[in-house]
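These are the residues of each chain, in order.
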Amino acid sequence: MPDLAAPSALRFEHHPAGRPALGIGTATPRLSWVVTAAPDDWSQARYELEITRGGQAEVHPAASGEQVLVAWPSAPLAARESASVRVRVGDAAAWSDWSAPAEVEAGLLAPADWTARFVSPRDTALDAPAPIVASALELPGEVVKARLYATAHGLYVARINGERVGDEQLAPGWTAYRHRLRYQTHDVTALLHAGGNDVEILLGNGWYRGRLGFQGGRAIYGDRLAALAQLEVTLADGSTHVLNTDGGWTARESRIVGDDLYDGQRTDLTRAEGDRTPVDVLDADLSLLVAPDGPPVRITQVLPAVSVTTSPSGKTLVDFGQNLVGWVRVTVSGAAGEVTIRHAEVLEDGELGVRPLRTARATDSYVVDGDAVLEPELTFHGFRYAEVTGVDDLLAADIEAVVIHSDLERTGWFDSDHELLNQFHDNVVWGMRGNFVDVPTDCPQRDERLGWTGDIQVFSPTASFLYDTAGFLGSWLADLAAEQQKDGSVPYVIPDVIRRPGPATAAWGDAATIVPWVIYQRTGDRDVLERQLPSMRGWVDRMAALAGDNLLWSGGFQFGDWLDPTAPPEDPFRAKADPDVIATAHLARSAEVVALAAEVIGDADTAREYGELATKVRDAFAREYVTPGGRVLSDAATTYALALQWALLPDAAQRKNAGDRLADLVRGAGFRISTGFVGTPLMTDALADTGHADLAYRLLLQTGCPSWLYPVTMGATTVWERWDSMLPDGSINPGEMTSFNHYALGAVADWLHRRVAGLAPGAPGYQLIEVRPLPSRRLAWASARHITPYGEASVAWERSGGDLRLELTVPVGATAVVTLPGQETPVEVRHGRYEWTVPDAYAPEEQAPAEPTIRQLMDHEPSWDRLVSAAREAGVATDEAALADRLTRFLDAPATTVVDAATADGFIPGADRMRALYETE
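This structure is a prediction, so every number in the text was calculated from the model and none was measured.

A. Representation of the overall build of the protein in the model. When helices and strands are tallied, the protein shows 19 helices and 43 strands. Viewed in the frame of its principal axes, the protein has a C-alpha envelope of about 95 × 75 × 60 Å. Of all 921 residues assigned to the protein, the portion counted as buried reaches 60%. Contacts in the protein between residues far apart in sequence, at least 24 positions, make up 72% of those at least 6 positions apart. When the accessible area of the protein is evaluated, it comes to approximately 33800 Å², of which 48% is carbon and sulfur surface. Each charge sign in the protein was given a centre, from 78 positive and 128 negative side chains, and these centres are 3 Å apart.

B. Summary view of helix α2 (residues 419–435). With 17 residues, α2 should reach 24 Å at 1.5 Å per residue; the first-to-last C-alpha distance of 24 Å fits that figure. Across the 17 residues of α2, 13 count as buried, placing the element largely inside the fold.

C. Main features of the packing of aromatic side chains. Enumeration according to the criterion identifies 30 aromatic pairs in this entry. Where Trp114 meets Tyr149, the ring centres are 6.4 Å apart and the plane angle is 75 degrees; that geometry is what we call edge-to-face. Of the two residues, Trp114 sits in the loop between β7 (102–106) and β8 (119–121) while Tyr149 sits in strand β10 (residues 143–153), which places them 35 residues apart along the sequence. The pair Trp114 / Tyr149 is uniform in exposure class, with both members buried. Ring plane angle 10 degrees and centroid distance 6.3 Å describe the contact between Phe214 and Trp452, whose orientation is recorded as stacked. Of this pair, Phe214 sits in the loop between β16 (211–212) and β17 (217–218) while Trp452 sits in the loop between β35 (439–440) and α3 (453–466); the two residues are 238 residues apart in sequence, bridging distant segments of the chain. Linked through ring pairs, Phe214, Trp452, Tyr492, Trp508, Phe557, Phe559, Trp562 and Phe573 together constitute an aromatic cluster. Positioned above the aromatic ring of Phe380 is the side chain of Arg449, whose terminal nitrogen or guanidinium carbon lies 5.0 Å from the ring centre.

D. Representation of the nonpolar core within the structure. Leu700, Trp864, Leu883, Leu887 and Met914 are the most contacted members of the largest nonpolar core, which totals 216 residues. For this core, the leading source of residues is helix α7 (residues 579–600), giving twelve residues. Once residues within four sequence positions are removed from consideration, Leu887 is found in contact with Ile854, Met858, Trp864, Leu867, Val898, Ala901 and Ala902. One finds Leu137, Ile201, Leu203 and Leu231 within the second-largest nonpolar core, a separate group that totals 29 residues.

E. Broad picture of the sheet that holds β7. Reading across the sheet, the five strands line up as β2-β7-β6-β4-β5 and stay open at both edges, with mixed pairing between neighbours. Sheet topology places β2 (21–24) and β5 (56–62) at the edges, where each strand pairs with a single neighbour. Mean inter-strand twist for the sheet, computed between neighbouring axes without regard to direction, equals 25 degrees. The pairing of β2 with β7 spans three bridges and is classified as parallel. Note that in β7 the partner of Ile24 across the bridge is Ala106.

F. Summary view of the pairing of strand β9 (residues 131–139). Counted residue by residue, β9 has seven buried out of nine residues, so it is predominantly covered. One ladder, built from four bridges, connects β9 with strand β20 (residues 250–253); its direction is antiparallel. Directly across from Ala134, in β20, lies its bridge partner Thr250. Bridging between β9 and strand β15 (residues 195–204) involves eight bridges; their strand directions are antiparallel. If you follow Ile132 over to β15, its bridge partner there is Leu202.

Calculation criteria
- Residues numbered from 1 in each chain as written.
- Predicted model: local features only at pLDDT ≥ 70, side-chain atom pairs only at ≥ 80, totals over all residues.
- Heavy atoms only, no water.
- Helix = DSSP H or I, 4+ residues; strand = E, 2+ residues; numbered from the N terminus.
- Buried < 20%, exposed > 50% of the residue type's maximum accessible area, 1.4 Å probe, protein only.
- Contact = heavy atoms within 4.5 Å.
- Areas by Shrake-Rupley, 256 points an atom, 1.4 Å probe, with all protein chains shown as cover.
- Lys, Arg positive; Asp, Glu negative; His and termini not counted.
- Charge placed at Lys NZ, Arg CZ, Asp CG, Glu CD.
- Expected span 1.5 Å × (residues − 1).
- Phe/Tyr/Trp six-rings, centres within 6.5 Å; stacked < 30°, edge-to-face > 60°.
- Lys NZ or Arg CZ within 6 Å of the ring centre and 35° of its normal.
- Core = buried A, V, L, I, M, F, W, Y, C linked by side-chain atoms within 4.5 Å.
- Pairing = 2+ DSSP bridges.
- Axes fitted to C-alpha atoms, helices over the stretch in contact; angles between N-to-C directions.

Written out as structure tokens, the structure reads:
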């Protein structure tokens, strides 16, 4: 029996454990901790928090089993105040040891805490070199503590005495600048010394003043770069000294002669920096300043070059082996002249495939004279390949890729015996890394890179498993609420740089309701629901107003089932699924989510109001869009998936028939995906929940185009925007939107975690874990593990020798409800490690029915593969999708008639040849 471990991983709000929570933006931070080991029958019944402030310790006892987001028990922290916190836990009989101390320090909590003012170079033209603002501070004694509070209109990089401040990249990040501007708190104690100290701040255009959005906008937030900095220093004698940005600072031009997030950075290392000129003090609203809720963008990895080759046109190409986000770092020796680096995600005909970048130049250039390490500070790119000119005989050892993204803590993993599936999951992870650059963007490479609401709405469950996204997404939701229009309309992108009046479209605007609900489900943070509830209600009220008295949201603009694979490249709106069906379904779903959220926070009246609205919308949906037999209008896979997963079908018979119809649509598509952004995340759940799990696996593991694994077979290392961003012949899709790094279609990874492996939240924050794996004969084993708020949970199953073995780890403080494969009665277990062995229902070979229908023949994969091979060789059908489409109207016919069905009763040539080949095989 394990001993009771001292609590660990003590953290404040959603800031990571293991490093001080410096500059936190709340005076009463909530606390969480983990107990890694405890006796089998142990339960936390009490805890004590020891909080040391100003050298004085105070102990706060509580008779509670809570350990996640526990309320701050002491007096609120003052601005700049720090505290050291320890916790110990106990049952009724004994205490654990105390945890290691964790440090928290408040930032500047009110405008009055700022004495600095924004300063801007007087010559700050859009195309001028990046400016540096500077000043100095004389310190008469030894430094014991120093903090730099800083932000900017634009990007900033601060240096003290020539040393870079902090490890943040692209600071202060991107928020809805008109409403919220983040500042950072830096511990700069080690950078200062007695005597003179030089402080410099480099400013870049970034999101504030650079090109932003696909509409060609520039300087959307303002045309003047500016810095705000407050350096506060405490000396050994107790005296304090402050250096503020004010009219006494000066400005000069740097060697960065051009910078833009889309176009890249131009640097002239041979150029003398400009003369010092005065700065202007700007009148800016300091009430917009907020402390960060999540981690900043950092360098998280450096990848070596895989190869350096020469293209057909004679260009030097570097392959880093991974589609990533960041920049190239190259070391040059004795170079003279200009070095240019162009970036792209793919090659086409052996050259950089730059057409998907649209107008983004994605080019960094340097004028050099001598030895140098070249890399930008004020831009980033999405790329796998780089084209380098100006460096003779470039060696792979001299060039590397620097990977950046918001430095979120990794919390989720998946593995299996299926190599392509594992690579797909890795692609999902890399896609998330590349698109979580301060906001959840659609893509990281072209002239867009915007926080599209629809993408994160469908992907948020996957994101919240893979990484700790609570602070990151909580900040983004604050921007959403700030940018939401008075009538409740939710902009298509957050921060809103499109700025259209009354933007309202289903699935995209529903990020206002779905994302906070996902955060609550995955973390147990009810405060996010309380903060966002007005925004959530506003969006549902807007949807209901657009729907009108009949509660059917019809007509008007909709993105619909965006990028349905049958939509032509030039018209991504042309999906099979009726947009009115999609819109009304989302109204029902979001109304239900608002009701559930209101119930959680104790608002009974709101819960009742929106619960009744959800019921009425469901009834209206069923009357208008569903036949008595369960057919859903437009007869598209997406509309069936929505209706099935969101309880929009009134009775069991309709549900069964709709599930069967969805299964037939999957068969008719040749087991290839037929949904866009809206339907894709729901397909495998809808199939599995209606008794068609085997078809869900057929869909999941398909390698033909379109499918999740087709890009993997084409060498993809991230998830694509389109199912066929690259065509089978290696050419780039002719459509305008052909990003090779989009995470939306990777939302199915949540199904891998929850259902394939079987690790799902059964209660908010995984206090109850639902373990219900869904094995398949197509996989020998699968596993998932997740760092829940209570600690690490893991599930692994393996099929071998006629048995299926399930292993489970439950963290202390959580329980699990386990439904073993093939058994109906669940088992409830507490913390610990468990193992079960049950008969493997998938061990016997799959047998074809004695007198099958065509449907049953298609479901028997060996028979179907033989049929496809025969049809292809006989020239009857080019691939399985074409053959399946022919058979759609004959699924109930005897399998003996399959050749006649495939050849339209012999009107399509090749029937005799196909029959001979099929029967011979």
